[in-house]
Amino acid sequence: MSTAIEVSNLSFRYAGATQWALRNVTLSIEEGEFAVFTGATGCGKSTLFKCLIGLIPQMYPGEYLGRVVVKGLDPAQTPVSRMAQRVGMVFQNPDNQLFALTVENDVAFALENLGLERAEIERRITKAFRMMGIEDLRKRSPFELSGGQKQRVAIASILALEPEILILDEPTSSLDGATAKKLLEELGEISKREEITVLLSEHRLDLVVREATRLIVIEEGKILSDGDPREVVHHLLEDDYEKVELPKLPRLAWMMGLRRADKIPLTKEEFVETLLEVGK
Amino acid sequence: MSFLVTALIFGEYWGGMLTVSTAIILTQLVFLKLAKSARYMLSTMRGAIPLVAIVFLLSLLGVLESAASSGELIYKALASSIRFLAFLTSFNIFFLTTSPDEFGQLLLKLKIPYVYSFTFVAAVRLAPVIADEAQEIIDAQRSRGVEFERGSPFRRMRALVGLFVPLLINSLRRAYEMAEALEVKCFGASEKRTTYREMRATGRDILSAVMVIAALTLVLTARSLRLFSGLP
C-alpha cells in the first residue's frame, strides 16, 4: 500500500480571522482507506478537505503553513481542475452543486468541461449512474428529486471524473438516518470494489463506524485522536468525550462495564458475543 | 421569435402599432388553438391585466404633452398597452416552448462564449431554489410576527427589508459554494469544451426559421413602403 495523502504541519488561518482554522495538522492516509473525520461543527474538517483539493489556498486567501502532498501533487500549486481529476470532492448541499437542467447533463457537466469525446462521456456517466444506482433518474430534472436522490446525483457527477480519492464533506447532513446509512454503506462498497480512497466527515458515528477503516477526531483545528475506529472510540469513551456523539453500542457496552481494549464491540453481533462471553 | 422581433421593431413607430400588435396576438392565438393550448395563454393574459393597466396609465401620462387631441392620447396609450401584451405573450410562448438548456446550446452554436450561456442556464436552475429560500425566510419572519401584507405601503416596504437582507446574504454564501463546486467540476479547464447532447437542426427548425425571416422581411418591407401609415 502506498500513501495517498500526506499532510505535514499544516496550519491555516482565513484572511481576517483571528483564530487558526487548522493548527499543525499532520496526517497520512494510505490508498484504499475509508477515513471518517468527525468533530463538532466548525472544528476545521471542511477547511482540511478544502486544503486537500487546493481550494485553500487558491480560492481562499489566508495564512498557509506546512505542506500537503496528494497523489504526488501539491494542491497549493496545482490548478484545482487538475487536482479534481484525481481527487473528487462532494459538498454538503447538493442544490449548489447541480448546474444542468437534467440529471444526465449534470453528470456529464464536468466531463464536458474537460473536453472529453462523446463516447467517453457516455461510458463514464453510464458507469457512474450504475455505481450510484440511479439509472432511472437519467432524464429527470434535478428540481423534482428528493434530497437523497439529489445527493446521489451530486456524488455520481463526481464519480464520473473517475477520481482515485473521493472526499465527501458531510454528505448525509440533509438525509434521514435510514437513507444516510444506506448511502454510506454503498460508499463503503464502492470504495472496496473500485479501490477508491474515501475521506468523509460525519457527525453520526453510528452510521459509519462499520465502514470506516480509520477514524479521525478533530477539535479546534487540531487532530485529537486518529487510528483504528475501535481504538479511537475506546479512547473517547475513556476520556468521557462529549463533543462528538459516540456510537450507541460501544457506549452501552462501556456503561455495562465490558471494558477490554481490543473488545469494544462496534456491531450488534460483536455486542452479543461480548455479552455471551461475560455470561460464561 | 418572429412576434418578438416584430413587436420590437415598432419601438419608435406609432403608425399601425395597434393593428400589428393585435394581429400578433391573434396569430399567436390561432397557432395555439391549433396546438390546443389557447386556453393557457388566455389565462396568462388575464393574469397580466393589472400590469397592462399600469402600462396604460403610465403611457397615458407619458404621451400627455406630445398628443394633439384626446383621441390621439387614448389611441397612443391603448396601442402601447396592446404592444406590451404582445411582448408578454411572445415571451411567454418562447419560454414555454424552449427549455433553458436548449437555449444555452443555441447560444453556444451561435459562437457566444460558454460562460454567458452557462450563466443563463444556472440562473434558471437557481430560480426555484431561491424561491424556496425566500418562502422559508418569509415563514420565519412571519413566525416572529412580521406582517408582509398589512399596514401602509411604507410599512410593507420596511417588512420586505427583513426578507431581502437575509436572502441577499444567503445568495452571496451560495455564490461561494457554487464557485467551489464549479472549480471541482473543472469548469473552464479545457479550451475546447465538448457537449454530451448536441442539438441538430431538423427540417422543421429550418422551416420555422425560413418563416420567421419571411415574416420579418414582409413587415420591414411593408413598413418602408409606409403601408401601415393609414392604419390605426
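It should be noted that the structure appears before, not after, this text.
Keep in mind the model is a prediction, meaning the values are calculated, not measured.

Asker: Break down the overall build of chain A for me, with residues and values.
Answerer: Of regular secondary structure, chain A possesses 11 helices and nine strands. Looking at chain A as a whole, 55% of its 280 residues are labelled buried. Here chain A has roughly 12,000 Å² of accessible surface; of this, 49% comes from carbon and sulfur atoms.

Asker: Lay out helix H6 (residues 147-159) of chain A with the relevant residues and their values.
Answerer: With 13 residues, H6(A) extends 18 Å from end C-alpha to end C-alpha; this agrees with the ideal 18 Å at 1.5 Å per step. Most of H6(A) is tucked away, with 11 of its 13 residues classed as buried. Of all the residues in H6(A), the buried ones are Gly148(A), Lys150(A), Gln151(A), Arg152(A), Val153(A), Ala154(A), Ile155(A), Ala156(A), Ser157(A), Ile158(A) and Leu159(A). Here the buried face of H6(A) lies against strand S5 (87-90), helix H4 (103-113), helix H5 (118-132), strand S6 (165-168) and helix H7 (177-193) of chain A together with helix H8 (153-184) of chain B.

Asker: Please provide a residue-by-residue account of the interface of chain A and chain B, values included.
Answerer: Of the residues lining the interface, 43 residues belong to chain A; the matching set on chain B comes to 32 residues. For the pair chain A and chain B, the two sides together bury roughly 3,300 Å², of which 58% comes from carbon and sulfur. For the pair chain A and chain B, the interface holds five salt bridges. Of the charged contacts in the structure, one is a salt bridge between Lys185(B) and Asp106(A), with a shortest N-O distance of 3.2 Å. In this structure, the connection of chain A to chain B is made through 21 residue pairs in polar contact (both at pLDDT 80 or more). Elements with a contribution of two residues or more to the side of chain A that touches chain B: helix H1 (45-53), helix H3 (80-83), H4, H5 and H6 of chain A. Sorting elements by how many residues they give to the side of chain A that touches chain B places H4(A) first, with nine residues. Taken together, the residues of the side of chain A that touches chain B sort by class into 24 nonpolar, 10 polar and nine charged.

Asker: Which residues make up empty space enclosed by the protein, and what are the values?
Answerer: Per the stated rule, a full pass over the model turns up one cavity of 30 Å³ or more. Its boundaries defined by the atoms lining it, the largest cavity holds a volume of some 230 Å³. Along the walls of the largest cavity sit 16 residues, with Glu112(A), Asp101(B), Gln105(B), Tyr114(B) and Arg193(B) positioned nearest its centre. Put simply, the parts of the chain that give the lining of the largest cavity at least two residues each are H4 of chain A together with helix H6 (100-109) and helix H7 (114-143) of chain B. Counted by class, the lining of the largest cavity contains seven nonpolar, five polar and four charged residues.

Asker: A description of a nonpolar patch on the surface should follow, citing residues and the corresponding values.
Answerer: On the surface, a nonpolar cluster with roughly 390 Å² of combined accessible area is contributed by Leu252(A), Met255(A), Met256(A) and Leu275(A). Tracing the chain through its elements places Leu252(A) in helix H10 (residues 248-255).

Asker: Got a sec to walk through the pairing of strand S1 (residues 3-14) of chain A? Specific residues and values, please.
Answerer: Consecutive side chains along a regular strand alternate between the two faces of the sheet. Residue and element names in this part refer to chain A. In the sheet, S1 pairs with strand S2 (residues 22-30) via six bridges, with the strands oriented antiparallel. Within S2, the position partnered with Val-7 by the bridge is Leu-27. Relative to strand S4 (residues 62-70), S1 runs antiparallel, the two being bridged by eight bridges. Bridge pairing in S4 places Val-7 opposite Val-68.

Asker: Break down the sheet that holds S6(A) for me, citing the residues and quoting the values.
Answerer: Residues and elements named next belong to chain A. The strand order across the open sheet built from six strands is S5-S6-S7-S3-S8-S9, with neighbouring strands paired in mixed fashion. The outermost strands of the open sheet, each flanked by one partner alone, are S5 and strand S9 (222-227). Strand after strand, the sheet turns through a mean of 15° between neighbouring axes, direction not considered.

Asker: Pulling in residues and values, what's your account of the sheet that holds S4(A)?
Answerer: All names here are of chain A. Spatial strand order, S2-S1-S4: three strands in an open sheet with antiparallel pairing. Pairing within the sheet leaves two strands with one partner each, and these edge strands are S2 and S4. If you compare each strand with its neighbour and ignore which way they point, the axes differ by 5° on average. Of the strands in this sheet, S1, S2 and S4 touch H1, which is tilted by about 120° from S1.

Asker: Tell me about the packing of H6(B) against H7(B), and name the residues and values.
Answerer: All names here are of chain B. At their nearest, the axes of H6 and H7 sit 9 Å apart, and the two run at 170° to each other. Classed by the angle they form, the pair H6 and H7 counts as roughly antiparallel. Between H6 and H7, the contacting residues are Pro-100, Asp-101, Phe-103, Gly-104, Leu-107 and Leu-108 on the first element and Tyr-114, Ser-117, Phe-120, Val-121 and Val-124 on the second. Looking at the contact of H6 with H7, its residues break down into eight nonpolar, two polar and one charged.

Asker: Break down the pairing of strand S3 (residues 34-38) of chain A for me, citing the residues and quoting the values.
Answerer: Residues and elements named next belong to chain A. Within S3, five of the five residues are buried, which leaves the element mostly enclosed by the surrounding structure. A two-sided burial pattern is seen for S3, the buried positions comprising Phe-34, Val-36 and Thr-38 on one face and Ala-35 and Phe-37 on the other. Across four bridges, the pairing between S3 and strand S8 (residues 214-219) is parallel. Across the sheet, Phe-37 pairs through a bridge with Ile-216, a residue of S8.

Asker: Let's hear about the packing of aromatic side chains: which residues, and what values?
Answerer: Under the defined criterion, the tally for this structure stands at 12 aromatic pairs over all chains. Here Tyr60(A) and Tyr176(B) contribute two aromatic rings whose centre-to-centre distance is 5.6 Å and whose plane-to-plane angle is 25°, an arrangement assigned as stacked. Separated into two different chains, Tyr60(A) in the loop between helix H2 (55-58) and S4 and Tyr176(B) in helix H8 make up a pair that spans both. Accessibility expressed as a relative area gives 14% for Tyr60(A), which makes it buried. Tyr176(B) gets classed as partly exposed once you look at its relative accessible area, which sits at 46%.

Asker: Can you explain the nonpolar core? Please cite residues and give values.
Answerer: Membership of the largest hydrophobic core comes to 103 residues, with the highest contact counts inside it found for Phe37(A) and Leu199(A). Ala134(B), Ala159(B), Leu163(B) and Leu167(B) belong to the second largest nonpolar core, which has seven residues in total.

Asker: Summarise the pattern of salt bridges; cite the residues concerned and give the values.
Answerer: Pairs can form between side chains of opposite charge whenever their charged atoms are close. All names here are of chain A. Counted under the stated rule, the structure contains 35 salt bridges over all chains. Ionic pairing is found between Arg-86 and Glu-164, a salt bridge with its closest N-O pair at 3.0 Å. Taken together, the residues span a long stretch of sequence, with Arg-86 in the loop between H3 and S5 and Glu-164 in the loop between H6 and S6 at a distance of 78 residues. In the salt-bridge network here, residues are joined through shared partners; they are Glu-120, Arg-123, Arg-124, Lys-127, Glu-162, Arg-193 and Glu-194.

Calculation notes
- Residues numbered from 1 in each chain as written.
- Chains lettered and ligands numbered in written order.
- Predicted model: local features only at pLDDT ≥ 70, side-chain atom pairs only at ≥ 80, totals over all residues.
- Heavy atoms only, no water.
- Helix = DSSP H or I, 4+ residues; strand = E, 2+ residues; numbered from the N terminus.
- Buried < 20%, exposed > 50% of the residue type's maximum accessible area, 1.4 Å probe, protein only.
- Areas by Shrake-Rupley, 256 points an atom, 1.4 Å probe, with all protein chains shown as cover.
- Expected span 1.5 Å × (residues − 1).
- Contact = heavy atoms within 4.5 Å.
- Buried area = accessible area lost by both parts, 1.4 Å probe.
- Salt bridge = Lys/Arg side-chain N within 4 Å of Asp/Glu carboxyl O.
- Polar contact = N/O pair within 3.5 Å; in protein donor to acceptor, adjacent residues only side chain to side chain.
- Nonpolar A, V, L, I, M, F, W, Y, C, P; charged D, E, K, R; others polar.
- 1 Å grid on protein atoms, 1.4 Å probe; cavity = no way out; pocket = protein on both sides within 12 Å on 5 of 7 lines; lining within 4 Å.
- Points joined across faces, edges and corners; volume = space filled by probe spheres on them.
- Patch = residues over 30% accessible without salt bridge, like charges linked within 9 Å, V, L, I, M, F, W, Y side chains within 5 Å.
- Pairing = 2+ DSSP bridges.
- Axes fitted to C-alpha atoms, helices over the stretch in contact; angles between N-to-C directions.
- Parallel < 35°, antiparallel > 145°, perpendicular 65-115°, else oblique.
- Phe/Tyr/Trp six-rings, centres within 6.5 Å; stacked < 30°, edge-to-face > 60°.
- Core = buried A, V, L, I, M, F, W, Y, C linked by side-chain atoms within 4.5 Å.

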